[in-house]
Amino acid sequence: MPTGWPRCPLTCTASPFPIWRSQLFFRWCPSLIMGSRMFDPVLLAKNSSKCLHDVTGPHSRPVKLEPVLSLFCKRQLGPLAGSHDSFSYWVDEKSPVGPDQTPAIKRLARISLVKKLMKKWSVTQNLTFREQLEAGIRYFDLRVSSKPGATDQEIYFIHGLFGIKVWDGLMEIDSFLAQHPQEIVFLDFNHFYAMDEAHHKRLILQIQEAFGNKLCPACSVESLTLQTLWEKKCQVLIFYHCPLYKQYSFLWPGKKIPAPWANTTSVRKLILFLETTLSERAPRGSFHVSQAILTPRVKTIARGLVGGLKNTLVHRNLPAILDWVKIQKPGAMGVNIITSDFVDLVDFATTVIELNDLLQADRSLAKC
């Protein structure tokens, strides 16, 4: 994520898709995939013979729940699928240019054609929140802003241009969670623009009103298990990259989920960066986001002005990025959360979820 972007005045840090009933943390086993280690949950004996099924479509596959396991049995870390600029499937060409843009861009955007071209480079997803959830996405990269000059203190998603209201997005996510009580999501609020303390308190109140008891209190990453989340009926982890997180028990500090940003148009450099940052990640105490994304430069935009981000940079490079994902390993120094642009262009979420099969294979070998 761009570390040089403006921060809030509070010195913030920086569809026909199958639903996998518990795909956040496991595919074939119900083990929790969290932080720097993976722990098996204590499964209730009555659940030891149950199967969880895909709840939509004709291609359901049963997920066999294993017998009661030790809570303290250390396992390897498994991966989770996420989207980059998750909300940017819709942006408003008619609204003012966002405060995340430079004064020069704001002046150019007075020309209506400029906003149309900006839209082609601001949109990084095709799917709505609901469609992303149904496709298997469980980590959401969120950037928010007020509209300068507005009197209602409404908060919007932002990426160059304003997106939908944050409240509408939260309600869409909550609707999915209400229908799927064993699903858990990570919401990472990592950039704030034109937001004073009153705006922050309004946003935090909206988060509370939207999710209520589904919110998971911040705690040690290593102490968190899928079983405890189920028992407490917690489904939402909120990461809030601003000092105000200290005032609310359900806000996790941004430092608990670092997301190094390669800032390159080169797939080769991106993969080298991803490998390097994985090798340097903290072995304990935090999650880790691998941003498998390419970032356009000014000359990239100039060359592909009309084509936009998807046609100029993403579409032709995403298969190579997916090839890198396929060979990743779960583990303390392996992949944890992987994000992508346009997650529907390739079988991204399923590919990430399938990496969890390696956890089952490792368990089987350990039992030999």
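You'll find the structure just up there.
Residues numbered from 1 in each chain as written. Predicted model: local features only at pLDDT ≥ 70, side-chain atom pairs only at ≥ 80, totals over all residues. Heavy atoms only, no water.

Asks: Looking at this model, I keep getting lost on the packing of aromatic side chains. Mind explaining?
Replies: Each aromatic ring pair is summarised here by two numbers: the centre-to-centre distance and the angle between the ring planes. Counted under the stated rule, the structure contains 13 aromatic pairs. When the centroid spacing of 5.7 Å and the interplanar angle of 85° are considered together, the rings of Phe239 and Phe287 count as edge-to-face. One end of the pair, Phe239, is in strand S10 (residues 236-240); the other, Phe287, is in the loop between helix H7 (267-280) and strand S12 (289-291), and 48 residues separate them in sequence. You can call Phe287 buried: its relative accessible area is 1%. Here the aromatic residues Phe87, Tyr89, Phe129, Phe140 and Phe157 are joined through ring pairs into a cluster of three or more. Sitting over the ring of Tyr156, Lys147 keeps its end group 4.3 Å from the ring centre. (Phe/Tyr/Trp six-rings, centres within 6.5 Å; stacked < 30°, edge-to-face > 60°. Helix = DSSP H or I, 4+ residues; strand = E, 2+ residues; numbered from the N terminus. Buried < 20%, exposed > 50% of the residue type's maximum accessible area, 1.4 Å probe, protein only. Lys NZ or Arg CZ within 6 Å of the ring centre and 35° of its normal.)

Asks: Sorry, what's going on with the pairing of strand S8 (residues 161-165) here?
Replies: Consecutive residues of a regular strand have side chains that alternate between opposite faces of the sheet. Most of S8 is tucked away: four of the five residues are buried. In the sheet, strand S7 (residues 155-159) pairs with S8 via three bridges, with the strands oriented antiparallel. Paired with His159 across the bridge in S8 is Leu161. Connecting S7 to the antiparallel partner S8 that follows it, the hairpin turn spans one residue, and Gly160 within it adopts a positive phi of roughly 85°. (Pairing = 2+ DSSP bridges.)

Asks: Just checking my understanding: could you explain the nonpolar core for this structure?
Replies: Most often, soluble globular proteins have nonpolar side chains that are buried together. Counting 70 residues, the largest nonpolar core has Leu187, Phe189, Leu203, Ile207, Phe211 and Tyr240 as the members making the most contacts within it. Membership of the second largest hydrophobic core comes to 19 residues, among which are Leu237, Phe239, Ala259 and Phe287. (Core = buried A, V, L, I, M, F, W, Y, C linked by side-chain atoms within 4.5 Å.)

Asks: Quick question: what am I supposed to make of helix H2 (residues 112-122) here?
Replies: For an α-helix the count is 3.6 residues per turn, leaving residues at separations of three or four pointing the same way. Buried residues of H2: Val114, Lys115, Leu117, Met118, Trp121 and Ser122, and no others. Burial along H2 is one-sided: seen end-on, the buried residues are contained in an arc of 165°. For H2, the exposed residues lying more than 90 degrees away from the buried face are Ser112 and Leu113. (Arc of directions from axis to C-beta.)

Asks: Quick question: what am I supposed to make of a positive patch on the surface here?
Replies: A surface patch of positive charge is lined by Arg268, Lys269, Arg297, Lys299, Arg303 and Arg316. Among the structural elements, Arg268 can be located in helix H7. Residue class for Arg268 comes out exposed when judged on its relative accessible area of 58%. (Patch = residues over 30% accessible without salt bridge, like charges linked within 9 Å, V, L, I, M, F, W, Y side chains within 5 Å. Areas by Shrake-Rupley, 256 points an atom, 1.4 Å probe, with all protein chains shown as cover. Salt bridge = Lys/Arg side-chain N within 4 Å of Asp/Glu carboxyl O. Lys, Arg positive; Asp, Glu negative; His and termini not counted. Charge placed at Lys NZ, Arg CZ, Asp CG, Glu CD.)

Asks: Explain the pattern of salt bridges to me, please; I cannot follow it from the model alone.
Replies: Oppositely charged side chains can form a pair if their charged atoms are brought close together. Tallied over the entire structure, the rule returns nine salt bridges. Between Lys201 and Glu197 there is a salt bridge whose closest N-O contact spans 3.3 Å. Within this pair, Lys201 and its partner Glu197 are both found in helix H5 (residues 197-211), separated by four residues, close to a single helical turn. Assessed through its relative accessible area of 38%, Lys201 is described here as partly exposed. A relative accessible area of 37% places Glu197 in the partly exposed class. Several salt bridges converge on common partners, so that one network encompasses Asp85, Asp141 and Arg143.

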